[in-house]
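What follows is each chain in one-letter form.
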Amino acid sequence: MDIVEYKRIVVALRPSLLAVARRITGNAEDAEDVVQDVCLKIWHFRDRIDRNENMEAYSTTMVRNLSIDKIRSRKPFSDELELLGKETGEHPPDSLLEEKEERNAIRRIIEMLPPLQQRILRMKDLEGFETVEISEMTGIATEAVRNNLSRARKRIRELYLIYYQTQQTTK
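This is a predicted model, so every value here is computed, not measured.

A. Region of the structure containing the nonpolar core. Ile-42 and Val-63 are the most contacted members of the largest nonpolar core, which totals 32 residues. Elements supplying a minimum of two residues to this core: α1 (3-25), α2 (28-44), α3 (55-74), α5 (93-111), α6 (115-126) and α8 (142-170). At 8 residues, α1 tops the list of elements feeding residues into this core. Excluding its chain neighbours within four sequence positions, the residues that come into contact with Ile-42 are Tyr-6, Val-10, Ile-49, Met-55, Tyr-58, Ser-59 and Met-62.

Set out below in structure tokens:
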């Protein structure tokens, strides 16, 4: 890949990459850093990148992964230290533990979904992608994305209701 091809492909993708990074990081400066890193990595590895490879999917995946790394680097404390730090805050410790248990239950429920539904749900609700973007990245029709998303959310509601009822009866 020469400089002309790089500008034509990678620089043209920059606005959409910034949008993805902003959605994930929630911060314009961090998003700018992530996209800058991705552009540099692509330039440094330009000789190794296959010309037939989908550069948009490749760079979007890199942005997503680096954005998640950026978020993780913001949290230097483990869950336990975070709980201890919040004890003096607004919430009593037992409610923090309940919240953590609920988050873990929801995570386990999501892991019970079929892989495609898990992927679509994460892309839509956690990463903030639009239905059309998910359709393009997964290669399935937008209506199929909507159907899978609807089924996933319905199943999560059903399983969470069972979890909640079980928790209420054990208290």
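Structure shown, so let's carry the discussion forward.
B. Summary view of the packing of aromatic side chains. Here the structure, examined in full by the defined rule, presents 2 aromatic pairs. A ring pair is formed by Tyr-160 and Tyr-163, whose centres lie 5.6 Å apart and whose planes are at 40°; its orientation type is tilted. Placement of both Tyr-160 and Tyr-163 in helix α8 is noted, with a separation of 3 residues, approximately one turn of the helix. In textbook terms, an aromatic cluster arises when at least three aromatic residues are bridged by ring pairs, as seen for Tyr-160, Tyr-163 and Tyr-164.

C. A look at a negative patch on the surface. A surface patch of like charges, here negative, comprises Glu-98, Glu-99, Glu-101 and Glu-102. If you trace the backbone, Glu-101 turns up in helix α5. Overall, Glu-101 belongs to the partly exposed group, its relative accessible area being 44%.

D. Broad picture of the pattern of salt bridges. All told, the structure shown has 8 salt bridges when counted by the stated rule. Salt-bridge contacts for Asp-33 lead to Lys-70; the nearest nitrogen and oxygen are separated by 3.7 Å. Of this pair, Asp-33 sits in helix α2 while Lys-70 sits in helix α3, and the two are 37 residues apart along the sequence. What makes Lys-70 partly exposed here is its relative accessible area of 24%. The shortest N-O distance in the salt bridge between Glu-158 and Arg-155 comes to 3.3 Å. You can see Glu-158 and its partner Arg-155 sitting in helix α8, 3 residues apart, about one turn around the helix. Using a relative accessible area of 34% as the deciding quantity, one classes Glu-158 as partly exposed.

Parameters at a glance
- Residue indices follow the written sequence of each chain, beginning from 1 at its first position.
- Reporting of local features is limited, given that this is a predicted model, to residues whose pLDDT is at least 70; pairs of side-chain atoms are given and counted only at 80 or more, and all residues count toward the totals for whole chains, interfaces and linings.
- Hydrogens and water are ignored here; the side-chain numbers use all heavy atoms of the structure.
- In this description, a nonpolar core means a group of buried Ala, Val, Leu, Ile, Met, Phe, Trp, Tyr and Cys residues linked to one another through side-chain atoms lying within 4.5 Å.
- Here's how the labels work: a residue is buried when its accessible area is under 20% of the maximum for its type, exposed when over 50%, partly exposed in between, all with a 1.4 Å probe on protein chains only.
- Helix numbering and strand numbering both begin at the N terminus, where a helix is a DSSP run of H or I of at least 4 residues and a strand a DSSP run of E of at least 2.
- Note on contacts: a residue pair is in contact if any heavy atoms of the two residues lie within 4.5 Å.
- Centre distance within 6.5 Å is the pairing criterion for rings of Phe, Tyr and Trp, where only the six-membered ring of Trp is used; planes under 30 degrees apart are then read as stacked, over 60 as edge-to-face, and the remainder as tilted.
- Put simply, a patch holds well-exposed residues, over 30% relative accessible area, that have no salt bridge, with like charges counted together within 9 Å and Val, Leu, Ile, Met, Phe, Trp or Tyr side chains within 5 Å.
- Note on areas: these come from Shrake-Rupley sampling with a 1.4 Å probe, and a residue is covered only by the protein chains present in the view.
- For this document, the term salt bridge refers to a Lys or Arg side-chain nitrogen within 4 Å of an Asp or Glu carboxyl oxygen.
- Positive residues here are Lys and Arg, negative ones are Asp and Glu, while His and the chain termini are left out of the count.
- Each charge is placed at NZ for Lys, CZ for Arg, CG for Asp and CD for Glu.

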